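What follows is each chain in one-letter form.
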Amino acid sequence: MKAKTITKATVKTPASAGKTISAGVAKAATKRVAKKTIVKSSASSPVAVTGPAIIKRTEPKIINMALQGGGAHGAFGWGVMDKFLEDGRVQVEGLSGTSAGSMNAVVYAYGMLKGNDGARQAMHDFWKAISDAGQKFAPKKMPWDIGMSQKENPLQDMMKSMMSILSPYQMNPMNYNPLKEVLEQQVDFEELERSKKTKLFICATNVRTGKVKIFHTPEVTSATVLASACLPQVFQAVEINGEHYWDGGYMGNPVLYPLFYYTDSRDVVILHINPIERPGPPTTSADIANRLNEITFNSSLIKELRSVYFVQQLLDNGWIKDEHREKLKYVLIHSVRADNAMSDLSSASKMSSDWAFLTMLRDRGRALATEWLQHNFDHLGVRSTVDLKREFL
């Protein structure tokens, strides 16, 4: 699939800046701005750009990112990463991903072979391909569907009922997975394997042992990504080198420890897709199941964050002998949390491939990332911006 060409355009002062800028200042600012990919923020655009990027800036801060899964809600993560790429003040050393997070990680790393703009284009093209593939199997919308919320999905309810009786080995004996075709069209895994630019850590669950399996960059193929996103009620277990794997979210959503051991950066930015907190108890069967799913897929991450806090306490309180302190990395934890941005969405919407819905999530992610950078960028490399004791103990 050929990527769409993003044309260059003259940079203009954003109208949304909310400030009056004199002609002289605007002209001077324009001279400091390089020609850059500028497109309109719309569902049909390759990327959504909020304003010009100033060349004059210091070296980017090096961070690691941990990307949660969440089906179609992974498009929210696309938006966050797109804004980080556009902003240009951070550079990702390592990416740990699970399920949809693993797809974002792999597409990002592949696109980065062509720089920030290449990564933005690759992520746009991937999610558009996901939408196009999904629409082939989605039922045609009828007039009475207009106004139906994402929570009301009779087809999905019917599929859930069938999956409670029939396994994917019975419902899908040929083991067809449209994601495989999309991944292999959008990512050259042989070229990705040779990449030294971004370290990948893709998480899956070993069905036999019940342990987490981390696939490093040289091991990453379409099969490893599909294994990371293999919901056992929907797809047959993915076999790799004689072992079978299910979705990585059962053991780590996402895992953090590879970012401690195999990267140099101390900063870990966790991109949450599943809300950690929700107001009030759920009362409907669907909402109860959705909340239970969120708690289950957040549990392993919360346990790991508690371990991080324990090590921080050892170092902060001098409980480690000086000769051993250098053996431990003091990790700085940051969170881009979707509690408010995603709280109005149900589990049913995780199966949506509607392009308008995916780009809406992208734009929500971009908006939250813009706010997050404004409040937290200066703290990167200096201190954690998450109070682990208050939030998770």
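Residues numbered from 1 in each chain as written. Predicted model: local features only at pLDDT ≥ 70, side-chain atom pairs only at ≥ 80, totals over all residues. Heavy atoms only, no water.

## Here's the deal with the overall build of the protein chain
Link 1 in the chain: Secondary structure assignment for the protein chain yields 14 helices and 10 strands.
Link 2 in the chain: In the protein chain, buried positions account for 49% of the 393 residues.
Link 3 in the chain: Taking contacts inside the protein chain between residues at least 6 apart in sequence as the whole, the part at least 24 apart equals 77%.
Link 4 in the chain: On the protein chain, roughly 20,300 Å² of surface is accessible, and the fraction owed to carbon and sulfur atoms is 56%. (Helix = DSSP H or I, 4+ residues; strand = E, 2+ residues; numbered from the N terminus. Buried < 20%, exposed > 50% of the residue type's maximum accessible area, 1.4 Å probe, protein only. Contact = heavy atoms within 4.5 Å. Areas by Shrake-Rupley, 256 points an atom, 1.4 Å probe, with all protein chains shown as cover.)

## Let's talk about the nonpolar core
In a soluble, globular protein the nonpolar side chains are often hidden away together inside.
Link 1 in the chain: Ranked by size, the top nonpolar core spans 67 residues in total, and within it M65, F76, F84, L95, V106, Y108 and L192 carry the most contacts.
Link 2 in the chain: Not counting chain neighbours up to four residues away, the residues in contact with F84 comprise I63, M65, V90, V269, V336, A369, W372 and L373.
Link 3 in the chain: Within the second largest apolar cluster, 21 residues are counted, among which are L256, Y309, I333 and V386. (Core = buried A, V, L, I, M, F, W, Y, C linked by side-chain atoms within 4.5 Å.)

## Points about the packing of helix 2 (residues 74-87) against helix 13 (residues 355-376)
Link 1 in the chain: Axis separation between helix 2 and helix 13 bottoms out at 6 Å; the angle between their running directions is 45 degrees. When the axes of helix 2 and helix 13 are compared, the pair comes out oblique. Between helix 2 and helix 13 the crossing geometry is right-handed.
Link 2 in the chain: Its residues placed into classes, the contact of helix 2 with helix 13 shows 12 nonpolar, 4 polar and 7 charged. (Axes fitted to C-alpha atoms, helices over the stretch in contact; angles between N-to-C directions. Parallel < 35°, antiparallel > 145°, perpendicular 65-115°, else oblique. Left-handed = near helix turned anticlockwise from the far one by under 90°. Nonpolar A, V, L, I, M, F, W, Y, C, P; charged D, E, K, R; others polar.)

## Points about the pattern of salt bridges
Link 1 in the chain: Counted according to the given criterion, the structure contains 17 salt bridges.
Link 2 in the chain: For D87, the salt bridge goes to R89, with nearest N and O atoms at 2.7 Å.
Link 3 in the chain: Exposure remark for D87: the relative accessible area of 15% places this residue in the buried category.
Link 4 in the chain: Given the relative accessible area of 28%, R89 is considered partly exposed.
Link 5 in the chain: Among the ionic pairs, E184 bridges to K180, the shortest N-O distance being 2.9 Å. A residue pair is termed a helical-turn pair when its members lie 3 or 4 positions apart in one helix, as E184 and K180 do in helix 7 (residues 178-186) at 4 residues.
Link 6 in the chain: Residues participating in the shared-partner salt-bridge network are D82, K83, E86, R120 and R366. (Salt bridge = Lys/Arg side-chain N within 4 Å of Asp/Glu carboxyl O.)

## A few points about unusual backbone geometry
Trans is the prevailing form of peptide bonds, just as negative phi is the prevailing case for residues other than glycine.
Link 1 in the chain: Omega for the bond connecting N253 with P254 falls within 30 degrees of zero, at -5 degrees, which places this linkage in the cis form.
Link 2 in the chain: Topologically, P254 is positioned in the loop between strand 8 (243-247) and helix 10 (257-261).
Link 3 in the chain: Phi angles above zero are rare outside glycine, and S99 is one such case at about 55 degrees.
Link 4 in the chain: Positive phi outside glycine occurs at N241, with the angle close to 50 degrees.
Link 5 in the chain: Here N241 shows up in the loop between strand 7 (238-240) and strand 8.

## Some remarks on the confidence of the model for the protein chain
Link 1 in the chain: Averaged over every residue, the pLDDT of the protein chain is 84; residues scoring 70 or more account for 79%.
Link 2 in the chain: pLDDT under 50 marks residues 1-44. Its contacts with residues more than four places away, or in other chains, come to 55 contacts. (pLDDT = per-residue confidence, 0-100.)

## Some details on the pairing of strand 3 (residues 61-67)
Link 1 in the chain: With 5 of 7 residues buried, strand 3 is to be regarded as a mostly interior element.
Link 2 in the chain: Two strands pair when backbone bridges link them, and strand 3 and strand 4 (residues 90-98) are joined in this way by 7 bridges, in the parallel orientation. Among the inter-strand pairings, I63 is bridged to a residue of strand 4, identified as V92.
Link 3 in the chain: For the crossover from strand 3 across helix 2 to strand 4, the handedness is right-handed. (Pairing = 2+ DSSP bridges. Right-handed = clockwise from strand over helix to strand, strands pointing away.)

## Some points on the environment of A229
Link 1 in the chain: Tracing the sequence through the fold places A229 in the loop between helix 9 (222-228) and strand 7.
Link 2 in the chain: A relative accessible area of 11% places A229 in the buried class.
Link 3 in the chain: Residues A229 and M103, spaced 126 residues apart in sequence, show a C-alpha to C-alpha distance of 8.5 Å.
Link 4 in the chain: The contacts of A229, once residues within four sequence positions are left out, are S99, M103, F235 and D247.

## Some points on helix 7
Link 1 in the chain: Of the positions making up helix 7, those classed as buried are V182, L183 and Q186. For helix 7, the buried positions fall inside an angular range of 95 degrees around the axis, keeping them on one side.
Link 2 in the chain: The N-cap of helix 7, judged by a side-chain oxygen 2.9 Å from the amide nitrogen of L179 a few residues on, is N177. (Arc of directions from axis to C-beta. Polar contact = N/O pair within 3.5 Å; in protein donor to acceptor, adjacent residues only side chain to side chain.)

## Brief notes about the environment of A348
Link 1 in the chain: Here A348 lies in the loop between strand 10 (332-336) and helix 13.
Link 2 in the chain: Under the relative-accessibility criterion, A348 is labelled buried at 7%.
Link 3 in the chain: Separated by 277 residues in the primary sequence, A348 and G71 have C-alpha atoms spaced 9.9 Å apart.

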